[in-house]
Amino acid sequence: KFVSVNLNSMSSTCQTKLPDDPKEWEQLTRQQCIEILREIRVNPVRKPALVYFCGLKLLNESASSLGSEIWAIYEQLTIAAIDTHELENAAYFVLKLRSRFPHSQRVERLRAMIKEAEGNFEQALRIYRKILRETPCDRAAHHRIVAVEKARGNRQGAIELLHEYLKVNQTDEDSYYELMDLYIAEGNMRKAAYCCEELILHEPHNYYTMLKYAEILYTLGGSDSLKLARKYYCNSVRLNESTANIRAVYGLWQTCKAIKANQNNDKENNEVLAWVEKRLKALQPQAPDVAAMLK
Amino acid sequence: ADCRMMMMMTTMLLYGEGMVLDPRIRDWVLIPIFVVKLMDGLVRQFISVMLKSKKRTSKDATAQQNTLRRSGVFRASSQFVPDGAFAMRRKYYTTKVFKAPETSDENAGPQAPQMPMQDPFVMVDMMKQNLAMFVPNIVFMGWVSYFFAGFVLMRLPFGLSDAFKSMFQRGIGLQSLDVRYVSSLSWFFICVFGLRGLFSVLLGSNNNSDETKIMRQQMAAGGMQQDATKQFAAERTELEIAQHKYVIDQCEQRLVDQY
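Just so you know, these numbers come straight off a predicted model, no measurement behind them.

**Overview of the overall build of chain B**
Part 1: Check the secondary structure of chain B and you find ten helices and two strands.
Part 2: For chain B, long-range pairs separated by at least 24 residues make up 75% of all intrachain contacts whose partners lie at least 6 apart in sequence.
Part 3: Of the accessible surface of chain B, which amounts to about 16,700 Å², a share of 62% is contributed by carbon and sulfur atoms.

**Side note on the environment of Val20(B)**
All names here are of chain B.
Part 1: By the element assignment, Val20 lies in the loop between helix H1 (2-14) and helix H2 (23-51).
Part 2: Since its relative accessible area comes to 59%, Val20 is described here as exposed.
Part 3: Sequence spacing of Val20 and Arg155 is 135 residues, and the spatial spacing of their C-alpha atoms is 9.9 Å.

**Details of the interface of chain A and chain B**
Part 1: Chain A puts 35 residues into the contact, and the matching count from chain B is 30 residues.
Part 2: Around 3,000 Å² of area is buried between chain A and chain B when both sides are counted, 58% of it from carbon and sulfur atoms.
Part 3: Run the count over chain A and chain B and you get three salt bridges.
Part 4: Across the salt bridge formed by Glu197(A) and Arg89(B), the nearest N and O atoms sit 2.7 Å from each other.

**Quick look at the packing of aromatic side chains**
Centre distance and the angle of the planes are the two values used to describe a pair of aromatic rings.
All names here are of chain A.
Part 1: The final tally for this structure, using the stated rule, is 16 aromatic pairs over all chains.
Part 2: Each ring, one from Tyr74 and one from Phe93, has its centre 5.8 Å from the other, and the planes form 45°; the classification is tilted. Of the two residues, Tyr74 sits in helix H4 (residues 69-83) while Phe93 sits in helix H5 (residues 87-100), which places them 19 residues apart along the sequence. Neither Tyr74 nor Phe93 differs from the other in exposure class; each is buried.
Part 3: By the ring-pair criterion, three or more aromatic residues cluster together here, those being Trp71, Tyr74, Tyr92, Phe93 and Phe101.
Part 4: The positively charged end of Lys257 is found above the aromatic ring belonging to Trp253, 4.2 Å away from the centroid.

**Some thoughts on the confidence of the model for chain B**
As a general rule, the predicted coordinates of low-pLDDT regions are not to be interpreted in detail.
Residue and element names in this part refer to chain B.
Part 1: When pLDDT is averaged across chain B, the result is 73; 72% of the residues are at 70 or more.
Part 2: Mean pLDDT values over the elements of chain B span from 65, in helix H8 (residues 211-224), up to 84, in helix H7 (residues 184-202).
Part 3: Long-range and interchain partners of residues 103-117, a stretch whose pLDDT sits below 50, account for 25 contacts in this model, where long-range means more than four residues apart.
Part 4: With a pTM of 0.68, the predicted complex shows an ipTM of 0.72.

**Topic: the packing of helix H11 (residues 189-202) of chain A against helix H12 (residues 207-220) of chain A**
Residue and element names in this part refer to chain A.
Part 1: Running from amino to carboxyl end, H11 crosses H12 at an angle of 160°, the nearest separation of the two axes being 9 Å. Comparing their axes, H12 and H11 come out roughly antiparallel. You can see that H11 and H12 cross each other, and the crossing is left-handed. Contacts between H11 and H12 involve Met189, Arg190, Ala192, Ala193, Cys196, Glu197, Leu199 and Ile200 from the former and Thr209, Met210, Lys212, Tyr213, Ile216, Thr219 and Leu220 from the latter.
Part 2: Residue composition of the contact of H11 with H12, by class: ten nonpolar, two polar and three charged.

**Points about unusual backbone geometry**
Residues and elements named next belong to chain A.
Part 1: Phi is positive for His85, which is not a glycine, with a value near 60°.
Part 2: Mapped onto the elements, His85 comes out in the loop between H4 and H5.
Part 3: Assessed through its relative accessible area of 51%, His85 is described here as exposed.

**A look at the pattern of salt bridges**
Residues and elements named next belong to chain A.
Part 1: Per the counting criterion, the structure on display carries 22 salt bridges over all chains.
Part 2: Where Arg139 meets Asp172, a salt bridge forms, and the shortest distance between an N and an O atom there is 2.9 Å. Of the two residues, Arg139 is situated in helix H8 (residues 139-151) and Asp172 in the loop between helix H9 (155-168) and helix H10 (173-186); the sequence distance between them amounts to 33 residues.
Part 3: What makes Arg139 partly exposed here is its relative accessible area of 37%.
Part 4: Asp172 sits in the buried class, given a relative accessible area of 7%.
Part 5: Ionic pairing is found between Glu215 and Arg247, a salt bridge with its closest N-O pair at 2.8 Å.

**Let's talk about H10(A)**
Part 1: In this model H10(A) runs 20 Å from its N-terminal to its C-terminal C-alpha over 14 residues, within 8% of the 20 Å that 1.5 Å per residue would give.
Part 2: The set of residues buried in H10(A) consists of Asp174(A), Ser175(A), Tyr176(A), Tyr177(A), Glu178(A), Leu179(A), Met180(A), Leu182(A) and Tyr183(A).

**Quick look at the environment of Leu228(A)**
Part 1: With respect to the secondary-structure elements, Leu228(A) resides in helix H13 (residues 223-239).
Part 2: Residues Leu228(A) and Tyr213(A), spaced 15 residues apart in sequence, show a C-alpha to C-alpha distance of 9.5 Å.
Part 3: Ignoring any residue separated from it by four or fewer positions in sequence, one finds Leu228(A) in contact with Leu217(A), Pro82(B) and Tyr246(B).

**Describing the confidence of the model for chain A**
Part 1: Per-residue pLDDT for chain A averages 86, and the proportion of residues at 70 or more is 94%.
Part 2: When the criterion is pLDDT under 50, residues 1-14 of chain A qualifies, and its contacts beyond four places in sequence or with other chains add up to 33 contacts.

**Here we look at the side chain of Ser184(B)**
Residues and elements named next belong to chain B.
Part 1: Here Ser184 is to be found in helix H7.
Part 2: For Ser184, the side chain forms a polar contact with the main-chain oxygen of Phe148, separated by 2.2 Å.
Part 3: Every residue in contact with Ser184, bar those within four places of it in the chain, is listed here: Val29, Ile33, Val144, Phe148, Ala149, Phe151 and Leu153.

**Things to note about the environment of Val148(A)**
Residue and element names in this part refer to chain A.
Part 1: Structurally, Val148 can be placed in helix H8.
Part 2: A sequence separation of 27 residues divides Val148 from Phe121, and the C-alpha atoms of the two residues are 6.7 Å apart.
Part 3: Discounting residues that sit within four places of it in the chain, Val148 has contacts with Glu116, Phe121, Leu125 and Tyr128.

**As for the state of the cysteines**
All names here are of chain A.
Part 1: Counting across every chain of the model gives zero disulfides over all chains.
Part 2: In this model Cys195 remains outside any disulfide bridge; the closest cysteine sulfur is found in Cys196, 8.3 Å from its own.
Part 3: In this structure Cys195 comes out as buried when scored by relative accessible area, which is 2%.

**Topic: the packing of H10(A) against H12(A)**
Residue and element names in this part refer to chain A.
Part 1: Across the interface, H10 lies against H12 with an axial gap of 13 Å and an inter-helix angle of 25°. With respect to H12, the axis of H10 lies roughly parallel. Note on packing geometry: the crossing formed by H10 with H12 is left-handed. When H10 is examined against H12, the residues Tyr177, Met180, Asp181 and Ile184 are found in contact with a partner set consisting of Tyr208, Lys212 and Ile216.
Part 2: By residue class, the composition of the contact of H10 with H12 is five nonpolar, no polar and two charged.

**Thoughts on the nonpolar core**
All names here are of chain A.
Part 1: Counting 60 residues, the largest nonpolar core has Met180, Tyr232, Leu252 and Val276 as the members making the most contacts within it.
Part 2: For Met180, the contacting residues outside a window of four places in its chain are Ala192, Cys195, Cys196, Leu199, Lys212 and Ile216.
Part 3: Within the second largest apolar cluster, 42 residues are counted, among which are Leu50, Ile70, Ile131 and Val148.

Cut-offs used in this document
Residues numbered from 1 in each chain as written. Chains lettered and ligands numbered in written order. Predicted model: local features only at pLDDT ≥ 70, side-chain atom pairs only at ≥ 80, totals over all residues. Heavy atoms only, no water. Helix = DSSP H or I, 4+ residues; strand = E, 2+ residues; numbered from the N terminus. Contact = heavy atoms within 4.5 Å. Areas by Shrake-Rupley, 256 points an atom, 1.4 Å probe, with all protein chains shown as cover. Buried < 20%, exposed > 50% of the residue type's maximum accessible area, 1.4 Å probe, protein only. Buried area = accessible area lost by both parts, 1.4 Å probe. Salt bridge = Lys/Arg side-chain N within 4 Å of Asp/Glu carboxyl O. Phe/Tyr/Trp six-rings, centres within 6.5 Å; stacked < 30°, edge-to-face > 60°. Lys NZ or Arg CZ within 6 Å of the ring centre and 35° of its normal. pLDDT = per-residue confidence, 0-100. Axes fitted to C-alpha atoms, helices over the stretch in contact; angles between N-to-C directions. Parallel < 35°, antiparallel > 145°, perpendicular 65-115°, else oblique. Left-handed = near helix turned anticlockwise from the far one by under 90°. Nonpolar A, V, L, I, M, F, W, Y, C, P; charged D, E, K, R; others polar. Expected span 1.5 Å × (residues − 1). Polar contact = N/O pair within 3.5 Å; in protein donor to acceptor, adjacent residues only side chain to side chain. Disulfide = S-S within 2.5 Å. Core = buried A, V, L, I, M, F, W, Y, C linked by side-chain atoms within 4.5 Å.

What follows is the structure, encoded as structure tokens:
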């Protein structure tokens with residue numbers, strides 16, 4: 001969850017609406033807090049402030065009546081505390097978890113995450129390697145080691161680690177996503193395109209993956225890539241036509257302009273370009289900045 | 001004493017009042033068999049929990065299964081990926097990953113890890129375990145048919161056809177007795193099947209007290225763990241005949257036409 005953006009959170013919708021505005025949080029009842037935390041456990045999104053608030057409220061007011069759910073809440077709270085940099089509280093929660101589950105690897109992982117947040121990367125790595133010695137196929141520990149390398153700025157090391165990991169676990173989408181991000185940061189667009197293709201194969205109807213692939217292709221440049229990029233932008237727009245995906249429309253516009261700069265007479269390109277400009281004008285009330293660029 | 005009870009029962013039956021059974025039967029047969037079966041299920045569950053060792057998945061096995069899954073995903077969604085990517089992946093899979101053995105030597109193919117179903121020692125071990133699961137049942141059946149034989153235990157609340165008489169009224173020698181009056185062995189079997197539901201409530205749905213379910217699961221698992229070499233060969237042929245149908249090609253046209 002730390003390393004990669006969870007693709008599910010992009011395309012799925014939550015069952016209960018999570019209150020985004022902090023002003024609403026004061027009015028949350030105990031039952032609502034419990035449901036919010038459950039919802040976040042089932043459909044993971046990263047909202048550390050909300051989780052921290054709800055969790056603390058539950059702990060302060062009605063800890064004993066939560067029963068065995070309190071341990072899951074402690075775990076969520078630990079991660080939220082690390083995210084909001086409340087490290088002492090995080091250490092306290094881990095202590096409680098450890099007293100209940102003394103030999104648990106999950107708790108060890110949380111402890112190592114706190115060390116990471118403090119900056120003690122060596123100690124964190126030691127704990128993760130210990131976990132991996134006991135269970136060599138532990139997905140989360142692998143991910144965290146990659147995250148540590150990334151935090152240290154060692155992108156090459158992180159890439160190599162992910163390669164090793166993916167040799168065995170070839171169907172782990174989150175890892176491909178992370179590898180793609182690393183390659184983009186390195187500037188290695190061909191390999192990023194490869195990772196993105198893997199993601200597309202796994203989730204062919206995800207508009208965001210299509211969008212990312214189109215952007216990588218556009219960055220690669222060259223007329224073949226640009227034509228492919230145009231196709232994938234179109235596909236992304238078709239998959240998600242709302243204004244949340246105006247990024248795809250904008251990207252499509254840029255690609256069409258770039259193709260037009262090379263070949264002014266491509267009829268298909270001109271058609272698509274006309275369509276895009278019409279669409280951007282139509283979207284002006286929702287996205288005035290983008291439409292302003294048309295002029 | 002037995003005969004006298006039988007005569008009394010038959011006469012009452014003939015008068016159409018239905019049989020009244022001694023309440024001591026309920027106390028000393030019905031409830032003990034039920035309790036014994038319940039304890040048996042609980043003991044099985046706890047023993048299995050104690051004997052369960054941590055699962056160690058071997059890296060090779062997971063790697064091969066994952067490769068197969070990845071190639072399956074590739075074949076399923078290859079229409080969304082451009083031609084170059086499709087060709088490259090297909091070549092990679094058919095030549096490098098699912099390598100055809102150049103010689104006729106079987107070992108040139110991917111080294112199939114020792115799947116449990118093929119390893120002889122592990123097989124014997126599992127068979128012993130399976131046998132051990134049925135032994136308590138056999139013991140109980142013998143116990144019930146020795147101690148609790150020769151009398152009518154209860155009346156079933158539902159009616160059955162006469163064909164079931166031989167099964168349900170094992171120790172009872174009456175020809176004309178209604179099928180609804182059964183012996184204690186049938187109560188034992190009713191407990192075996194009926195307590196499954198109770199165990200799923202008491203112990204959670206994933207309990208080990210039901211031996212037929214466990215057998216079925218093991219058979220299914222054994223069926224899936226085939227030889228990896230064969231699976232690889234199958235995957236290779238699938239890939240070689242796969243064709244690339246590129247869906248994204250007409251995307252732009254469809255977009256412009258749609259709006």
